[in-house]
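Structural characterization, general
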Amino acid sequence: MDFSTSQALHKEAQERIVGGINSPSRAYKGVGGGSPVYMEQGKGAYFWDVDGNQYIDYLGAYGPIITGHAHPHIAEAITTAAYNGVLYGTPTKMENKLAAMLQAAIPSLERLRFVNSGTEAVMTTVRVARAYTGRDKIIKFSGSYHGHFDSVLVEAGSGPATLGTPDSAGIPQTVAADVITVPYNDLETFQQAMDQFGEQIAAVLVEPIVGNFGIVKPFDGFLQGVKDATHNAGSLLIFDEVISAFRFTYGSSQQIYGVEPDMTAMGKIIGGGLPIGAYGGRQAIMEQVAPLGPAYQAGTMSGNPASISAGIACLEILQGTGIYDKLDFLGARLESGLQQKASEAGIPITINRMCGALTVFFGTDDVTNYDQADASDGDAFSRFFWLMLEQGINLAPSKFEAWFLTTEHTEADIDATIEAAGKAFAAMA
Ligand code: PMP
């Protein structure tokens, strides 16, 4: 494949944009560096780059794209918003509609607020929890990524883990001192942390289904155990469902596992591909937020008509019959095909899958926490990534990321991907 135009653009970008990219994982650091591919058009499950190469896309823009690129229903919603004015600075009736759709799907959102990114959503839940409890410390789980605000870049995963800089520079020690990190899926260590710090803990922040060191599910009883211990200490439970909301079911992991948190942060899919975030939870807690309460949070772009319209359109598509069954069916087909090709080639892999999202870990048996994900073979993943890219399969450039299917992927796309993987595994053997 010829990537020369991408390479030239990246060269120019490095003279203008710091690092040549506007979000670190796009720099392909997780796969040994090199020039990222510059995409020019997306339609359905496909991408075309600036050199005219075509790809089947599994990046899904790191999660927001679940109905395929340029879905006509979402495109129409965005176009209508563009012609009606993209930003008013006043409330609009569309905000009520999207709020009602979210509340119908996720009943724990007694009150909610729209913001512009997952980072903003999580950041505000932490502030509100601190306001409500009058406490400062938070507990999070190692390897989970919750955005780039100070408190959660303490031993974070995703981009930071790939870059090997779990603690960002520029974060005061005093901030880090208020953050306790424990391993995911380890109730005993969590309980010990609560025993030691419980009375100082404002909130426990958890990705109920992990998406940021690969797809990792909670053990049976883990989320309920976390909730019980959290509430016993008078702390609040926050679910970061920025990836998981509407990814695995129409709703969130709260519906899948039957555990409701006090607050939830969302983003990605609920904006249909446009910038969005939302946070919400129990009414008494949410009434801490300005103008009702003393916890301040605001946003010029919050609830903008374009993002809200795109979000409504996206959820309308996801309400269609059989959508998540189809994602699960395709996900299962992909999982078993990849597994078979890998064993034929004698390449040891483990696949973690939930519905239409999966992660392929190389050289490891079981991945149930960050250390196990971290121990997987990054060099093997890198080789696989480039071998797949050369065959027109666009994966996320990191061993910690997920493959995201969309409603537009077909069985033929899956089978072509499995064929390409077979060749990649054979070349690696
Ligand atoms: N929380 C989770 C679980 C995420 O996966 C992400 C982004 N990958 C964020 C928060 C931050 O969202 P954003 O990039 O929209 O700020």
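Cut-offs and rules
- Residues numbered from 1 in each chain as written.
- Predicted model: local features only at pLDDT ≥ 70, side-chain atom pairs only at ≥ 80, totals over all residues.
- Helix = DSSP H or I, 4+ residues; strand = E, 2+ residues; numbered from the N terminus.
- Rg over C-alpha atoms; globule rule 2.2 N^0.38 Å.
- Buried ≥ 20, exposed ≤ 12 C-beta atoms within 10 Å, placed from the backbone.
- UniProt positions renumbered as here; feature names shortened; annotations may be inferred.
- Contact = placed C-beta atoms within 7 Å.
- Near = placed C-beta within 6 Å.
- Domains from an automatic or database assignment.
- Pairing = 2+ DSSP bridges.
- Core = buried A, V, L, I, M, F, W, Y, C linked by C-beta atoms within 7 Å.
- Axes fitted to C-alpha atoms, helices over the stretch in contact; angles between N-to-C directions.
- Parallel < 35°, antiparallel > 145°, perpendicular 65-115°, else oblique.
- Left-handed = near helix turned anticlockwise from the far one by under 90°.
- Nonpolar A, V, L, I, M, F, W, Y, C, P; charged D, E, K, R; others polar.

1. Overview of the overall build of the chain
The helix and strand inventory of the chain stands at 15 helices and 14 strands. Over its C-alpha atoms the chain spans a radius of gyration of 21 Å, differing by no more than 12% from the 22 Å that the globule rule assigns to 429 residues. Dimensions of the chain, computed from the C-alpha atoms along their principal axes, are close to 55 × 55 × 45 Å. Split into buried and exposed, the 429 residues of the chain put 51% on the buried side.

2. Brief notes about the UniProt feature "modified residue: N6-(pyridoxal phosphate)lysine" (unreviewed entry) in the chain
Following the UniProt record, one finds the feature "modified residue: N6-(pyridoxal phosphate)lysine" (unreviewed entry) at Lys268. Relative to the helices and strands, lysine 268 resides in the loop between β9 (263-267) and β10 (277-281). Once residues within four sequence positions are removed from consideration, lysine 268 is found in contact with Gly63, Pro64, Gly118, Val242 and Ile243.

3. Notes on the site of the ligand
The ligand sits among 16 residues. The nearest are Ser117, Gly118, Thr119, Gly147 and Val242. For the shell around the ligand, the element with the most residues is helix α4 (residues 118-133), which contributes three residues.

4. Section: the domain arrangement of the chain
Domain annotation for the chain reports domain 1 (4-70 + 321-428) and domain 2 (73-318). Placing the centre of domain 1 and that of domain 2 at their C-alpha centroids yields a distance of 25 Å. Of the residues lining the interface, 31 residues belong to domain 1; the matching set on domain 2 comes to 35 residues. At the level of secondary structure, the elements contributing two or more residues to the side of domain 1 that touches domain 2 comprise α12 (323-345), β11 (349-354), β12 (357-362) and α13 (370-374). For the side of domain 1 that touches domain 2, the leading source of residues is β12, giving four residues.

5. Considering the sheet that holds strand β13 (residues 393-394)
Strand order in the open sheet formed by four strands is β1-β2-β3-β13, with mixed pairing between adjacent strands. The open sheet has two free edges, formed respectively by β1 (39-43) and β13, since each of these has just one partner strand. In terms of strand pairing, β1 meets strand β2 (residues 46-49) through four bridges, oriented antiparallel. Note on β2: the bridge partner recorded for glutamine 41 is tryptophan 48.

6. With respect to the pairing of strand β3 (residues 54-57)
A regular strand carries its side chains on alternate faces of the sheet. Bridging between β2 and β3 involves three bridges; their strand directions are antiparallel. Looking across to β3, one finds that tyrosine 46 is bridged to isoleucine 56. A loop of four residues connects β2 with β3, the two strands running antiparallel in sequence, and glycine 52 in this loop sits at a positive phi of about 85°. In terms of strand pairing, β3 meets β13 through two bridges, oriented parallel. Across the sheet, aspartate 57 pairs through a bridge with asparagine 394, a residue of β13.

7. A look at the nonpolar core
In terms of nonpolar packing, the biggest core is built from 125 residues, with Ala129, Ala203, Val204, Leu236, Ile238, Ala278 and Ala357 touching the most fellow members. At eight residues, the largest contribution of residues to this core is made by helix α11 (residues 305-318). Each of domain 1 (4-70 + 321-428) and domain 2 (73-318) contributes no fewer than three residues to this core. In this structure, leucine 236 is in contact with Ala129, Tyr132, Thr133, Ala202, Ala203, Asp262, Met263 and Ile285, ignoring residues within four places of it in sequence.

8. With respect to the packing of helix α3 (residues 93-105) against α11
For the pair α3 and α11, the least separation of the axes is 9 Å and the interaxial angle reads 40°. By the criterion of interaxial angle, the relationship of α3 to α11 is oblique. The chirality of how α3 crosses α11 is left-handed. Contact residues: Met94, Glu95, Lys97, Leu98 and Met101 in α3; Pro305, Ile308, Ser309, Gly311, Ile312 and Leu315 in α11. Class assignment for the residues of the contact of α3 with α11 results in seven nonpolar, two polar and two charged.

9. Observations concerning the pairing of β10
Counted residue by residue, β10 has five buried out of five residues, so it is predominantly covered. Both faces of β10 are covered, namely the face carrying Gly277, Tyr279 and Gly281 and the face carrying Ala278 and Gly280. In this sheet, β10 lies alongside strand β4 (residues 111-115) in antiparallel orientation, the contact comprising five bridges. Across the sheet, arginine 113 pairs through a bridge with tyrosine 279, a residue of β10. Note: β9 against β10, five bridges, orientation antiparallel. In the strand pairing of β10, methionine 266 is matched with alanine 278.

10. Here we look at unusual backbone geometry
Here the bond from alanine 290 into proline 291 is cis, since omega is 10°, no more than 30 degrees from zero. Along the chain, the position of proline 291 falls in the loop between α10 (283-286) and α11. Even without glycine at this site, alanine 70 takes up a positive phi of about 55°. Of note, alanine 70 is situated in the loop between β3 and α2 (72-84). You can call alanine 70 partly exposed: it has 16 C-beta atoms within 10 Å.

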